[in-house]
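Observations on chain architecture
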Amino acid sequence: MNASDPAPSAGPGDDLPAVAPRLRSLRRRAGLTLEAAARDAGLSPAHLSRLETGQRQPSLPMLLSLARVYGTTVSELLGETVPDRDAIVRTADMEPTRAGGWTYWQAGAPGRGMQALRVRVPYGTQGDIVRVHPGEEWLYVLHGRLRLRLGDTTHVLAPGDSAHFDSLTPHRLAAEDHDGVELLFVHTLLQSPLAALCLGPITGELP
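These remarks concern the structure in this document.

If you look at the biggest cluster of nonpolar residues, it comprises 19 residues, and the most contacted ones within it are L139, L146 and L148. Elements supplying a minimum of two residues to this core: strand 2 (102-106), strand 3 (115-121), strand 4 (136-143), strand 5 (146-150), strand 7 (162-166), strand 8 (171-175) and strand 9 (181-187). Counting 18 residues, the second largest nonpolar core, distinct from the first, contains L23, L26, M62 and V69.

A few words on the pairing of strand 9. Most of strand 9 is tucked away, with five of its seven residues classed as buried. Relative to strand 9, strand 3 runs antiparallel, the two sharing seven bridges. Within strand 9, the position partnered with R118 by the bridge is L184.

Right, let's get into the side chain of R27. Among the secondary structure elements, R27 is positioned in helix 1 (residues 16-29). R27 sits in the buried class, given a relative accessible area of 9%. Of the polar contacts made by the side chain of R27, one reaches the backbone oxygen of L32; its length is 3.0 Å. When sequence neighbours within four positions are dropped, the list of residues in contact with R27 reads L32, T33, L34, A37, L48, E52 and Y70.

Before going further, it helps to examine the environment of Q126. Assignment of secondary structure puts Q126 in the loop between strand 3 and strand 4. A polar atom in the side chain of Q126 sits 2.5 Å from the side chain of R131.

Right, let's get into the packing of helix 2 (residues 34-41) against helix 4 (residues 60-70). Closest axis-to-axis distance for the helix 2/helix 4 pair is 9 Å, and the angle between their directions is 120°. In terms of orientation, helix 2 lies oblique with respect to helix 4. Here helix 2 and helix 4 pass one another in a crossing that is right-handed. Counting all contacts with helix 2, which are made through A37, D40 and A41, the residues of helix 4 involved are S65, L66, R68, V69 and Y70. Residues belonging to the contact of helix 2 with helix 4 are distributed by class as follows: five nonpolar, one polar and two charged.

This next bit is on helix 4. Each full turn of the α-helix corresponds to 3.6 residues, which orients residues three or four apart in the same direction. Looking at helix 4, one finds that the buried residues are M62, L63, S65, L66, A67, V69 and Y70. Two residues or fewer after helix 4 comes G71, characterised by a positive phi angle close to 70°.

This next bit is on the pattern of salt bridges. Evaluated as defined, the whole model comprises seven salt bridges. A salt bridge links R24 to E52; the shortest N-O distance between them is 3.8 Å. Taken together, the residues span a long stretch of sequence, with R24 in helix 1 and E52 in helix 3 (residues 45-52) at a distance of 28 residues. Overall, the relative accessible area of 24% leaves R24 in the partly exposed class. A salt bridge links R147 to E176, with the shortest nitrogen-to-oxygen separation between them at 2.9 Å. One end of the pair, R147, is in strand 5; the other, E176, is in the loop between strand 8 and strand 9, and 29 residues separate them in sequence.

Among the structural elements, R131 can be located in the loop between strand 3 and strand 4. Although buried, R131 forms no salt bridge, and the nearest oppositely charged side chain, E137, lies 6.5 Å from it. A distance of 3.4 Å separates the side chain of R131 from the backbone oxygen of I129, its partner in a polar contact.

The rules behind each value
Residues numbered from 1 in each chain as written. Predicted model: local features only at pLDDT ≥ 70, side-chain atom pairs only at ≥ 80, totals over all residues. Heavy atoms only, no water. Core = buried A, V, L, I, M, F, W, Y, C linked by side-chain atoms within 4.5 Å. Buried < 20%, exposed > 50% of the residue type's maximum accessible area, 1.4 Å probe, protein only. Helix = DSSP H or I, 4+ residues; strand = E, 2+ residues; numbered from the N terminus. Pairing = 2+ DSSP bridges. Polar contact = N/O pair within 3.5 Å; in protein donor to acceptor, adjacent residues only side chain to side chain. Contact = heavy atoms within 4.5 Å. Axes fitted to C-alpha atoms, helices over the stretch in contact; angles between N-to-C directions. Parallel < 35°, antiparallel > 145°, perpendicular 65-115°, else oblique. Left-handed = near helix turned anticlockwise from the far one by under 90°. Nonpolar A, V, L, I, M, F, W, Y, C, P; charged D, E, K, R; others polar. Salt bridge = Lys/Arg side-chain N within 4 Å of Asp/Glu carboxyl O. Lys, Arg positive; Asp, Glu negative; His and termini not counted.

Here's what the structure looks like:
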């Protein structure tokens, strides 16, 4: 379903009265008018107004779009509570997760609007995978050199270099050198499993 498609009218058993005012509250917290929020989320102002007054039920794509626009999570939109989280993440508590040849360490608390990772990228892994998803990404090269393709432009980043970009821009990441590359990586992809950061292989080599 497209985020701009109308959702069915709410039924008597739906929990919309609780969700609807929260949508309005989070929009106001973000400092957005109804028109600006609707435009950024791909909705009409009239449809967003109906969501905020409980006359329509938001679909999952709508919730994802609104969470991105308001800088929050779907869980907060739905009013779900999360347990208290420690602000400190110790090295000893960072369990490695391996996916597609890469190794990920969770460097931030789970369930946040941003996810922070330390990533080890061996040479020759996932260089043919194009990533496209909502949100923003920031990365910082710790060791080695990174080949980063953004749209039609290729960049080689050395230790100390960083990049910050809209992750709807098609992008590829690969180690430039045989020793691999290690990164600090922060993204706003909502509650993504680590192994789902790569959204579909496309054959071919980086130019």
